[in-house]
Amino acid sequence: MNTISLQYLVDGLKLIKPEIAVTITLVLIVIVDLIMNKNKRYLPYIFIGGLVVTLYFIVVQFSTSSFAFEFSKNLGMVIVDPFGNFFKILIAGSSIIVILFSVISNEIKEGVDRQGEYYVLMAGMILGMFFMVSSADLILIYVSIELLSLSSYVLAGFSKHALRNSEASLKYVIYGGISSGIMLFGISILYGLTGSTNLYEINSLVQASQVHGFTFVLSGLLIFVAIGFKISAAPFHFWTPDVYEGAPIPITAYLSIASKAAGFALLIRFVKITFIQSVDPNGFWHLLNIIDWKTFIIIISILTMTLGNFAAIWQNNMKRLLAYSSIAHAGYLLLGLAVLSNEGIAAILIYFVVYGFMNLGAFLVVMIISNKLGTEEIDDYDGLGSRAPFLSVALAIFLVSLTGLPPTAGFIGKLYLFLALVDAKMIAVAVIALLNTVVSLYYYVRVLKHIFLNEKAEGTAEFATSVSSVVFIALMLTPVLIFGIYFTPLVDFAKSSIALMGF
Amino acid sequence: MQVGLNHFLVISTALFSLGIFGIVTRRNAVMVLMGIELILNSANINFIAFARFGNFGLQGQVMALFVIILAAAEAAIALAIVLNIYKTFSTVNVDEIDTLKD
């Protein structure tokens, strides 16, 4: 029986400083919300301050690679490694941007007396995602997914009185509950087959004793259900359009970036750690011959992107269109994993940074327009080009970037993804993805046609955009344009972050 | 007759199937939530049975405890959302709540 020394606890706690910082921020928001009952203006800035401290802790320990609270030799529940830290930076960074979104969003301002809850729940989501990207144990995976989900169910229905908000949260909670229940059943089977819930332990057990068979495949696929739900991959995507359309725009933007990133981090870690046999010098992974992940993921990803892109063509609501486009992007991102190589993972990381900026930027413009016009219908965007030139041009750049055309950052993201595919000699898949991009060009350009070419008879007055909004949009535009031309630092950063603990 | 692992697995699989069946066929949001609870409990039975009969240590039982707690939290949140739905739509029939459509 091991005795737990104080030193052991201190060593473990030192490694989870970012999570501790988020927890303290959460508690602080609750307390400040209670004390300063009348004035809630400072809450978001306290939250941002807390997240900046969190970011500092992540950057300081960026290249550490070890287990927090190691319970026996090289086994633990929480991993701290560059891969996880990369995603933590992505999540914390996008959280800061989304908090600024919330400050200027009308939907959130309406619930002024519930601002405290809003930010507390967001902190809960961040905590869940942090543990999701760093978990090496099925128990922790389940608990952190639930922590993330429970907070986001409530946030999706934040404006209590709007019909579509309530509907979005109901659909989210039902679909989410089912998918995590199915995952739990898969975990229980996997536990029964291997006798362990630790991914590293399961890997070594499977390598030693060759537990093949239908049950093992089944448990892996059941676990994939909840992860596929989080990243909105094809058979589990049906909640995405409804929830994205119904939820307040800042939360929609947040779900499309942070929660998707956490899901991808978890999927990559689960597939790589549980099923890896060896990594060859070229960075290609050799997985155990249990589940044919390569074929499976290729099928899922082609299904996802085709479905997302073709369904987006018929959409008339901007949020719904962006929801389908985010499904399609999940499909592209899955291709990076299907390559099963370090190069593919680097491509995913690059794509995520780029996707974060361009997607958040697009949602930001949509939100500012919706604040002014009170609509998200694409038909109401007619003639916007002359009424609000800056907003229109910004939206145009974000949409072009989402398509993946040069000289925007979206092109770089797609370029590295396709390079990884070609290097792995998956030309056919690359061609299908390329054709999908062409389809996506149609619906993005359709929005631009409404903005710049269609004229609207009434309501042609110019509307002013506040200085803070212009600065905010410019801040989102800069990386989208700069990374399109000068992308070496981004690529180097991604390549330095692909190291998973142990491999 | 000795009660063994297989008996537990049969019960848990039956519960899981009943849960899925309930989710698919019921139209009342509360009934759908009950189906989800059945799924969670079927997994719990699996965890406890495997931990008991496989001599795997305490991980399975710890997991079951976590699941019980999270199921309670999820039920609380889901019921609050259903209550909110009832206030805005005056119905809890999931088929009638479809203002968001293609």
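None of these values were measured; they are calculated from a predicted model. (Residues numbered from 1 in each chain as written. Chains lettered and ligands numbered in written order. Predicted model: local features only at pLDDT ≥ 70, side-chain atom pairs only at ≥ 80, totals over all residues. Heavy atoms only, no water.)

## Here we look at the overall build of chain A
A tally of regular secondary structure across chain A gives 21 helices and four strands. The C-alpha radius of gyration computed for chain A amounts to 22 Å, which stays within 12% of the reference 23 Å derived for 503 residues, consistent with globular compactness. With the C-alpha coordinates aligned to their principal axes, the bounding extent of chain A is approximately 75 × 60 × 40 Å. Taken over 503 residues, chain A has a buried fraction of 64%. Long-range pairs, those at least 24 residues apart, make up 79% of the contacts in chain A with a sequence separation of at least 6. Total accessible area on chain A stands at roughly 17300 Å², and carbon and sulfur atoms take up 69% of it. (Helix = DSSP H or I, 4+ residues; strand = E, 2+ residues; numbered from the N terminus. Rg over C-alpha atoms; globule rule 2.2 N^0.38 Å. Buried < 20%, exposed > 50% of the residue type's maximum accessible area, 1.4 Å probe, protein only. Contact = heavy atoms within 4.5 Å. Areas by Shrake-Rupley, 256 points an atom, 1.4 Å probe, with all protein chains shown as cover.)

## Structural notes on the interface of chain B and chain A
Taken together, the 41 residues of chain B in the interface contact 41 residues of chain A. When chain B packs against chain A, close to 3600 Å² is buried across both sides, 74% of that on carbon and sulfur atoms. Where chain B meets chain A, there are zero salt bridges. Listed by contribution, the elements that provide at least two residues to the side of chain B that touches chain A are α1 (5–25), α2 (29–54) and α3 (59–89) of chain B. In terms of residue count, α3(B) provides more of the side of chain B that touches chain A than any other element does, 16 residues in total. (Buried area = accessible area lost by both parts, 1.4 Å probe. Salt bridge = Lys/Arg side-chain N within 4 Å of Asp/Glu carboxyl O.)

## Comments concerning the pairing of strand β3 (residues 276–279) of chain A
All names here are of chain A. Note: β3 against strand β4 (residues 285–287), three bridges, orientation antiparallel. Bridged to serine 278 within β4 is histidine 286. Count of turn residues in the β3/β4 antiparallel hairpin: five residues, of which glycine 283 carries a positive phi of about 90 degrees. (Pairing = 2+ DSSP bridges.)

## What to know about the side chain of Ser105(A)
The topology assignment puts Ser105(A) in the loop between α4 (82–104) and α5 (106–110). Within the local environment of Ser105(A), its side chain forms a polar contact with the backbone nitrogen of Glu107(A), the two atoms lying 3.2 Å apart. (Polar contact = N/O pair within 3.5 Å; in protein donor to acceptor, adjacent residues only side chain to side chain.)

## Quick look at helix α3 (residues 43–60) of chain A
All names here are of chain A. With 18 residues, α3 extends 26 Å from end C-alpha to end C-alpha; this agrees with the ideal 26 Å at 1.5 Å per step. What α3 keeps buried is the set Leu43, Pro44, Phe47, Ile48, Gly50, Leu51, Thr54, Leu55 and Ile58. The arc enclosing the buried residues of α3, seen along the axis, measures out at 160 degrees, which places them on a common side. Facing away from the buried surface of α3 by more than 90 degrees, the exposed residues are Tyr56, Val59 and Val60. Each element contacted by the buried residues of α3 is listed here: α2 (17–35), α4 and α6 (115–133). (Expected span 1.5 Å × (residues − 1). Arc of directions from axis to C-beta.)

## Here we look at the confidence of the model for chain A
Low pLDDT marks regions whose predicted coordinates should not be analysed in detail. Mean pLDDT over chain A: 89, with 97% of residues reaching 70 or higher. At the low end of the mean pLDDT range in chain A sits α5(A), at 79; at the high end sits α3(A), at 94. (pLDDT = per-residue confidence, 0-100.)

## Remarks on the packing of aromatic side chains
Residues and elements named next belong to chain A. Under the criterion given, the structure shown has 35 aromatic pairs over all chains. Centre to centre, the rings of phenylalanine 224 and tryptophan 293 are 6.3 Å apart; their planes meet at 55 degrees, and the pair counts as tilted. Pair noted here: phenylalanine 224 is in helix α10 (residues 214–230) and tryptophan 293 is in helix α13 (residues 293–312), with a separation of 69 residues, a long-range link. For tryptophan 293, a relative accessible area of 1% puts it in the buried group. (Phe/Tyr/Trp six-rings, centres within 6.5 Å; stacked < 30°, edge-to-face > 60°.)

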